Each structure stands twice: as structure tokens, then as C-alpha cells.
Amino acid sequence: MRGSESLERRSKKKKKTADFGLWSELTGLHSACYRSLQERTASEGTVLSSDKRTPTKMLATHYLPCCTVTLLVLLKLTLAQYEHLGYPPGYPDPEQEQYTAPQLAPDTPRIQLRLAGDKRKHNEGRVEVFYNSEWGTVCDDDFTIHAAQVVCRELGYLEAISWSPSSKYGKGQGPIWFDNLHCTGKEKTLALCPSNGIGVSDCKHSEDVGVVCSDKRIPGFKFVNTLPNHVENLDIQVEDARIRPILSSYRKRIPVTEGYVEVKDGGKWKQICNTEWTQFNSRVICGMFGFPGERKYNARVYKMFARRRKPTYWDFSVNCTGNEAHLSSCKLGQATSLKSNGTCAEGLPVVVSCVPGRAFSPTPMTGFRKAFRQEQALVRLRGGAIVGEGRVEVLKNGEWGTICDDNWSLLSATVVCRELGFGTAKEALSGGRLGQGMGPVHMNEVECSGFEKSITECYFNKDALGCSHEEDAAVRCNVPAMGFQERLRLSGGRNPYEGRVEVLVEKNGSLVWGTVCSEGWGTMEAMVVCRQLGLGFASNAFQETWYWPGEVSADGVVMSGVRCSGTEMSLSYCLHHGAHLSCPKGGGRNAAGVSCSETAPDLVLNPQVVEQTTYMEDRPMFMLQCAYEENCLASASSAVPANSYRRLLRFSSQIHNNGQSDFRPKASRHSWVWHDCHRHYHSMEVFTLYDLFSLNGTKVAEGHKASFCLEDSECDEGIEKRYECANFGDQGITVGCWDTYRHDIDCQWIDITDIKPGDYIFQIIINPNYEVPESDYTNNILKCRCRYDGHRVWMYSCHNGGSLSTETEQTFPGLLNNQVTHR
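These remarks concern the structure in this document. No experiment lies behind these values; they were computed from the predicted model shown.

### Describing the environment of Phe460
Part 1: Looking at where Phe460 falls in the secondary structure, it is placed in strand β19 (residues 459-461).
Part 2: A sequence separation of 18 residues divides Phe460 from His442, and the C-alpha atoms of the two residues are 9.6 Å apart.
Part 3: If we skip the residues at most four places from it in the chain, Phe460 touches His442, Met443, Asn444, Glu445 and Val446.

### Some details on the side chain of Glu427
Part 1: Relative to the helices and strands, Glu427 is located in strand β17 (residues 425-429).
Part 2: A relative accessible area of 14% places Glu427 in the buried class.

### Looking at the sheet that holds strand β36 (residues 737-741)
Part 1: On the basis of which strands lie adjacent, the open sheet formed by four strands has the order β27-β30-β36-β35 and antiparallel pairing. The sheet terminates laterally at β27 (603-605) and β35 (714-715), the two strands that pair on one side only.
Part 2: Bridge count for β27 against strand β30 (residues 653-657) is three bridges, and the pairing is antiparallel. Counted as the bridge partner of Leu603 is Asn657 from β30.

### Some details on the state of the cysteines
As used in these notes, a disulfide is a covalent bond between sulfur atoms, one from each of two cysteines.
Part 1: Summed over all chains, the structure comprises 14 disulfides.
Part 2: In this model Cys139 forms its disulfide with Cys203; the gap between the sulfur atoms is 2.0 Å. Residues Cys139 and Cys203 are joined by a disulfide whose S-S torsion is about -75°; by sign, that bridge is left-handed. Residue Cys139 is located in the loop between β3 (134-138) and α3 (145-154), and its partner Cys203 is located in the loop between β5 (176-178) and β6 (210-213); the two are separated by 64 residues in the primary sequence.
Part 3: Bridging Cys632 to Cys747, the disulfide has an S-S length of 1.9 Å. Taking the sign of the torsion about the S-S bond as the criterion, the disulfide between Cys632 and Cys747, at about 90°, is right-handed. Here the residue Cys632 occupies a position in the loop between α10 (625-629) and β29 (645-650), and Cys747 occupies one in the loop between β36 and β37 (749-751), the gap between them amounting to 115 residues.
Part 4: Residue classification places Cys747 among the buried residues on the basis of a relative accessible area of 3%.

### Quick notes on the nonpolar core
Part 1: Grouped together as the largest cluster of nonpolar side chains are 32 residues, with contacts concentrated most on Ile403, Trp408, Val416, Ile455 and Val475.
Part 2: Counting residues per element, the ones that place at least two in this core are β14 (379-382), β15 (389-396), α7 (410-419), β17, β18 (441-447) and β20 (474-477).
Part 3: Ranked by residues supplied to this core, first place goes to α7 with five residues.

### Quick notes on the pairing of strand β34 (residues 699-705)
Part 1: In terms of strand pairing, strand β33 (residues 688-693) meets β34 through six bridges, oriented antiparallel. For Asp691, the partnering residue across the bridge sits in β34 and is Glu702.
Part 2: What sits between the antiparallel neighbours β33 and β34 is a turn of five residues, in which Gly697 has the positive phi angle 95°.

### Details of the side chain of Ser644
Part 1: Note that Ser644 resides in the loop between α10 and β29.
Part 2: Beyond its immediate sequence surroundings of up to four residues, Ser644 is in contact with Pro620 and Met621.

### What to know about the pattern of salt bridges
Part 1: As enumerated under the stated definition, the model contains 27 salt bridges in all.
Part 2: The residue Glu262 makes a salt bridge to Arg242 at a minimum N-O spacing of 2.6 Å. Of the two residues, Glu262 is situated in strand β8 (residues 258-265) and Arg242 in strand β7 (residues 240-244); the sequence distance between them amounts to 20 residues.
Part 3: In this structure Arg242 comes out as partly exposed when scored by relative accessible area, which is 27%.
Part 4: Between Glu702 and Lys699 there is a salt bridge, and its shortest N-O distance comes to 3.3 Å.
Part 5: In this structure Lys699 comes out as partly exposed when scored by relative accessible area, which is 43%.
Part 6: Linked by salt bridges that have partners in common, Lys121, Glu389, Glu427 and Arg476 make up one network.

### A look at the sheet that holds strand β40 (residues 793-800)
Part 1: Taken in spatial order, the five strands of this open sheet run β34-β33-β38-β39-β40, and their pairing is antiparallel. Bordering the open sheet on either side are β34 and β40, each of which pairs with just one other strand. On average, adjacent strands in this sheet sit at an angle of 20° to one another, irrespective of strand direction.
Part 2: Pairing geometry for β33 and strand β38 (residues 758-766), over six bridges, is antiparallel. Across the sheet, the residue bridging to Leu692 is Phe762, located in β38.

### Details of unusual backbone geometry
Part 1: Across the junction of Ile254 and Pro255, the peptide omega takes the value 0°, indicating a cis bond.
Part 2: Along the polypeptide, Pro255 turns up in the loop between α4 (248-251) and β8.
Part 3: In this model, Ser167 sits at a positive phi of 45°, which is unusual for a non-glycine residue.
Part 4: Within the element layout of this structure, Ser167 appears in the loop between β4 (160-164) and β5.
Part 5: In the Ramachandran plot, Asn397 falls in the positive-phi region, its phi being about 55° despite a non-glycine side chain.
Part 6: One can find Asn397 in the loop between β15 and β16 (399-403).
Part 7: Taking the relative accessible area as the measure of exposure, Asn397 reaches 77% and is therefore exposed.

### Details of helix α6 (residues 299-308)
Quick reminder: α-helices carry 3.6 residues per turn. Residues three or four places apart thus point the same way.
Part 1: Of the positions making up α6, those classed as buried are Tyr302, Phe305 and Ala306. With its buried residues spanning 100° around the axis, α6 presents them on a single face. For α6, exposure combined with an orientation more than 90 degrees from the buried face picks out Arg300, Arg307 and Arg308.
Part 2: Packed against the buried residues of α6 are β8 and β13 (351-355).
Part 3: The distance from a side-chain oxygen at the start of α6 to the backbone nitrogen of Arg300 is 3.2 Å, and the residue carrying that oxygen is Asn298.

Rules used in this analysis
- Residue numbering note: each chain is counted from 1, following its sequence as written.
- A pLDDT threshold of at least 70 governs which residues receive local features in this predicted model, and a stricter bar of 80 or more applies before side-chain atom pairs are shown or counted, although totals over entire chains, interfaces and linings include all residues.
- Calculated side-chain values reflect all of the structure's heavy atoms, with hydrogen atoms and water omitted.
- Runs of H or I in DSSP of at least four residues are treated as helices and runs of E of at least two as strands, each being numbered from the N terminus.
- The contact definition used throughout considers only heavy atoms, calling two residues in contact when any of these lie within 4.5 Å.
- Relative accessibility thresholds used throughout: buried, under 20% of the residue-type maximum; exposed, over 50%; partly exposed, between the two (1.4 Å probe, protein chains only).
- Here a strand pair is declared whenever DSSP counts at least two bridges between the two strands.
- Any cysteine sulfur atom paired with another within 2.5 Å is treated as part of a disulfide.
- Take the buried residues of types Ala, Val, Leu, Ile, Met, Phe, Trp, Tyr and Cys, join any two whose side-chain atoms come within 4.5 Å, and each joined set is a nonpolar core.
- Salt bridges are defined by distance alone: a side-chain nitrogen of Lys or Arg within 4 Å of a carboxyl oxygen of Asp or Glu.
- Helix axes are fitted to C-alpha atoms over the stretch in contact, other axes to C-alpha atoms as well, and angles between N-to-C directions run from 0 to 180 degrees.
- Each C-beta atom gives one direction from the helix axis, and the arc is the one those directions make.
- The definition of a polar contact used here is a pair of N or O atoms within 3.5 Å, where within protein one atom must be able to donate a hydrogen and the other to accept one, and adjacent residues in sequence count solely through side-chain atom pairs.

Here it is in C-alpha cells:
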């Protein structure tokens, strides 16, 4: 079989040939221009040369226009090299073209396209072609991104993102209609691309090609059905869809849960005739807009409304099975037959009424629910930047574990999303894209019908042998439009991901923009801002923003005393002062600011290492001088003689970075503090806390570890170390690496000299002050049961925060997770 490498090589060769042709054209143009000038000057009796006899005026009047043309061609060539890079984040998109229906010659073969197979997103899949009353596929031989561009645009998407050979989306059926396609990317239909001829192919279905199209649709795109109306299995291709609230009681509610189903076709919004409409269609529409299910509505009210206002109907009906993730995956039904008065057979437009998840119950604008709450205890999402996305974890035998991404599909991802109170899945992510878990892998090769109430009801292989956390499955779900982004903005930053935080509030009966008081402003508050704006995770929280001049009219403080837990969907959900503001420094240059990032690190401790390395040591005070200076001993040690000893509970801690970006200390190198006794730099004031609790939750001993050396001790296979402390090197932990604090390092202990023998709870917290933003703080805590008999000490039942069921976790006193450490 022709592999993807040879395809890529051929593609590069063609590009190189094309570039060479353009360069030859440029060189020829320049030569012709020069020859023309030579002939002209000769006829006028002027010698053209490089010496001083060549008249300056002649050069200016005759040679420069030619030179300008040459430079313009050169500029075109230069820009062409960078065209594939697109625009940087935040740069205004170029004005989008309006769609015009293609004018095809009468002899052009009439085809229709659709995306099918094992999808991870609704806008990707195996390319299937309907021709001669039969669906077939396209072979990957000679297929390029230009052919993918033709496919995507024919389907109404703005552009192609990528393409995949070798039946990535599964093997299709029927004829292989196209082979050895040679598209330029400008063709109006795939049928116009040169090929072996329709139906002429030497390929097998193991070579079926797939494409990924952009999310954006072509403005004004109009579906043109060139095939007979009895064909009911075409994918729906519309520019956009919406639920438009009709009744006044629903117009003021957020989110919109009930109204007409409207599709945008040819730039106009149209209703759908309810003749062939089913509850399965309603289920798909509700899922698209972030709702897990549909419900009945009062049809009489809508009948009255339809009589008063004449609807504009779309030309087709819709035929969904109910498990599609998006309307575009449904099939096109029969053409709508309208009566002479413009109404359809039943005379009514389609109405849907959706059931929102508990976190999104529709309420007036003033009374949002305070925070996001999960609906189920068996499934959860971790490591995502916004509500409705994350790594999928399931609870089994009291322990949380992950799902292996083998066979992970949009169908299975949608079951997870609906189970959690969201809509259908936008994307089924594989390869640990939203961070890696630490516990067991509970499920593998999950296959769902789409109608299961829980992912645990789907078929799956219990044997996860060979599955590592590098294959953890994740989802991005459709969530209801709550309007959060419209009430918050970042102003004055160098790009859309940073700036002064400005909030829209009601003041004296009108809406005004203002700033947020920066007193107490920190990482958790910044996290909520970035989530609310859909900009990912916080990378920094700023208490001064004089370097970001925002809108002068918004300098006044409109929100103060903000305290967030970090899980809120909107800044308005966080605790704050309300109408009685208090901000001594005022807004303007002292207002709160943030910078956001699409990725974040995620530090997790290895519980087994703590269990295996725990021991007890009696150490003389004269050998603990440096540790004493760093406050690593119990306060009672200041009153004991130098020849006494301290009893130390020692252990190693192995800290993994399972996130999506490197963990770097907040302080830059120039502000690290040199410690002369230990001969090292402190890059963080406190990196870890060690505590010992009695079984009733009383703290009986404590320790801490300054981050004197954050570095990559070891890494997963294939990942190179990037951070090393020696010679004042960079400090940090690379994604996929871990930093091991050995048991024999100073301060890697708890002073238990004055502790009585007995049973205790041992606890470690990483990054306790949230100095560095992470994707998940719940797993920054580790707990163990600890037994001390006066002669020996050992740990057992060590686990990370959030890794066990709530019932089991409650048997361990102390903190449940790191997100309430200092709140």
C-alpha cells in the first residue's frame, strides 16, 4: 500500500516544483524588463550601463516601473511561503467571502459528499461520495490538502485543517469512486478534479481517505441538492442553526431552552416544517446547544403564534437517529411540500424544549446558580480549562481511574457529556491531550450505542493491559450559552490573552464597565476570569496594571473583595463585597489583571514512593544547624542543648508533572534568594508542606520544604530533561518528567521528637500558596496512614487527593483537597 510518507514526499516535490516555476517566471520577467529597456535606450541613442554615463532620469522613468512589477511578484512569492501559517492569535481575521452557489457545466458529474466513520469531531470523518445512486469512498493515493480543501468547501466549511490516509476513520463500503485525485484546491466540486475517472480505482477500503475541516462555516453557504429528492441519506449542510425563543417568558431566560428550531441557509434564517419531525431530532438539537435531553411543550400556544406570523420554511425535512453529536451528521429528509398559502402539511414550524443540566437551570439574569455542581458521582472530568471539558475518570471499587483511548469516539464521548448534565460532545480527545491521570485504567475499547444513561453501561474491555496514561481519553462537551463572556473583558494587553480585568455591572439603572479591586487578587480569581472568557488557564494574576492602559471610562472600581474557590463559571459567582465597595488603592493603574494560557502544568505526587522510603532517624542537633536556620525543626528545638538529638520522620517524594506545560517557579532568576548555609538558591518561598494529624484531625507536627532545586530527575521514555539546577541553571519540571526529593536531603522530614507513639494521618501539599497556576489543584495533596510505635515508623494507604470515593476520603482527617488550603 502506498504509505503516507510517500504521499507527503510527492506533495513536497510538487510544492517545490511550483515554487521553482514562480521563481523562473520572476527571473524571466526581470530579464524581459531589462532587455526592453536596453532596446528602448539604444533606439534613443543612450547607452545603458552601470557607469556614470547612464542618465539618472532615464533609469527613473523607464527602469523603475519594471522594477516595481518585479518587486510585486517577489513580494507575492515571499508571502506565499508563509501563507500556511495563518494569522497569530488575536490578529483580526481577514474579511470572509460570501458564498455563491457554484455554476457547473451541464456535463459535470453530479455528486454529493458527507463525512462518516469513527469520528472524534463532527467536522471530520471519512470522505464519502454519493454517485449513481450509491455511496462510496475516496482513495488516499495522490490525495493532498488541496483535495481536502475542495471537500470541505463543498460541504460548507471555510477550509480544510488536515487529511488522513489509510482508513483512519474506519473502512467504508461500496465503490471507491475517486482515485489519484490531483486537485488544485480551487475546484468547485470534487468531480472537477483530475483523477483516473469516476469508479476507476485499484485501491482497497483500507486506503479510504479522511479529512478534518474547520469549525467555521462559509457565510451565506446554501445547501444545493443536485440529486433526486427521494435520496434521504445525505448529510445536512447548513450555515448555522439556533433555538429562537418565541414566547415572552422564554426570551428573558438564560440559557434559551425552548423555541423555534431555525437553520441559516443562504444567509437567511428559516423554520423547519414539523411534518416528519421526531423526538430523536429534538434530542440532537438540544444536545448541540448543551442540554442533555428534550421534553414536551405546550403546542397550542405555538399554534396561535404561527397563525399570527407567517413562517419561512426551509426546503427540506430532517432525519436524525438521536445519537448524532451534531445536526450536520443527521441525514436530509424529503423535500418540504408547501401549500399554496406557504404553510407546510401540518402548518407548524418545529419547536423544541430542552432540559438543562442542574448547573445551568434557566433563571433571570440576576439569580445565577452560584457554582458548578456535578450531577453524577460515577463519572467526572479533570484537567480541563473550562466547564464541560477534561480527562474522563470513572469510579470503580471506591477508586477513580481513567479510560483508555482505544476506539474512543464521539458517540462514547457524548454519553459522558450527557451523563454529566451537558449536551453532546464537540470533540473526543485521545492521547492524554488534557493531562494524564495517576490511578488505574478502568475501561478500554469502550463502545456505546449513544442512548446509555452512563458510560459504565456501555460495552468495554475490562482488560486494559498495554494501556498507559499516555492514552487517557478526554472530552469537550457542548455547554449552554450563558452569556458570561459578554460581561467581562481584558483591556490594554498586548494580545487577547492578557490585560486589565473589566466587568460590566448595573449602576443607576444602566450598564457600565469598571475595574476590579486588586487587593487579595490571586491565582484562583485569575483562573475564573480566564475560564469565563474561554481563554484557558491563568498563567499570572496581577495586582498592578499601570503598564496596561485600559479604557479610561472604565477606571472606576465596580467590584471589590473578590474571593474565588477556583471552580466558579463566572467572577460574579465568587464572594465579593456587593454594592458596598472597599478598595483603598482604587482602580486604574492598581486594578486587577490577568494573563491566560491554553495549557497549564499539573503536579502529582507518587504515593508508592512515599510508602516505600519512609523511615525514622535520630540526628544530633549540631548536624542540623542549617535546617534550624530554615525553620525545618519543631519550635521546641530552640531550647535544647547542642549535644541533644532530634527524631526525624524521613521519606522521599517524587513529584510528576502530568499537565500540558512545564512547571516553572513564579520568581524569575534575578529574584531567587541565595542561602549561604546550604549553598543553594530558593526559587519559591514554600514548595511543599508536611503535616502530621491525630485521627481526630488535630495537627500535632509540621514541616516544610523550600524549593531549593526544581529539576528533572528522570523522564518518561522519549522525553528529554530540560531543567538542571547545577551552575545556576534553569529550574522547573518538564511535562512527562518528575523531580525526586530524596529522603536524605535537609528538611525532607517532619520533626517527631515530641510525638507520642500511636496512629496518625500524614499529609503532603505541593504548591500550597498557588504560586504557580496548575490545571488541577485537587491532586496536589497526598495522604497516608502513619503508625509510630516508638521504635519504628511506617506508612500505608497512601493516595492522592481526589483519587478515592468521598466516603473513603472522609475517613482521613485533614484537608480534602488543596483548593481550600488558604481560603
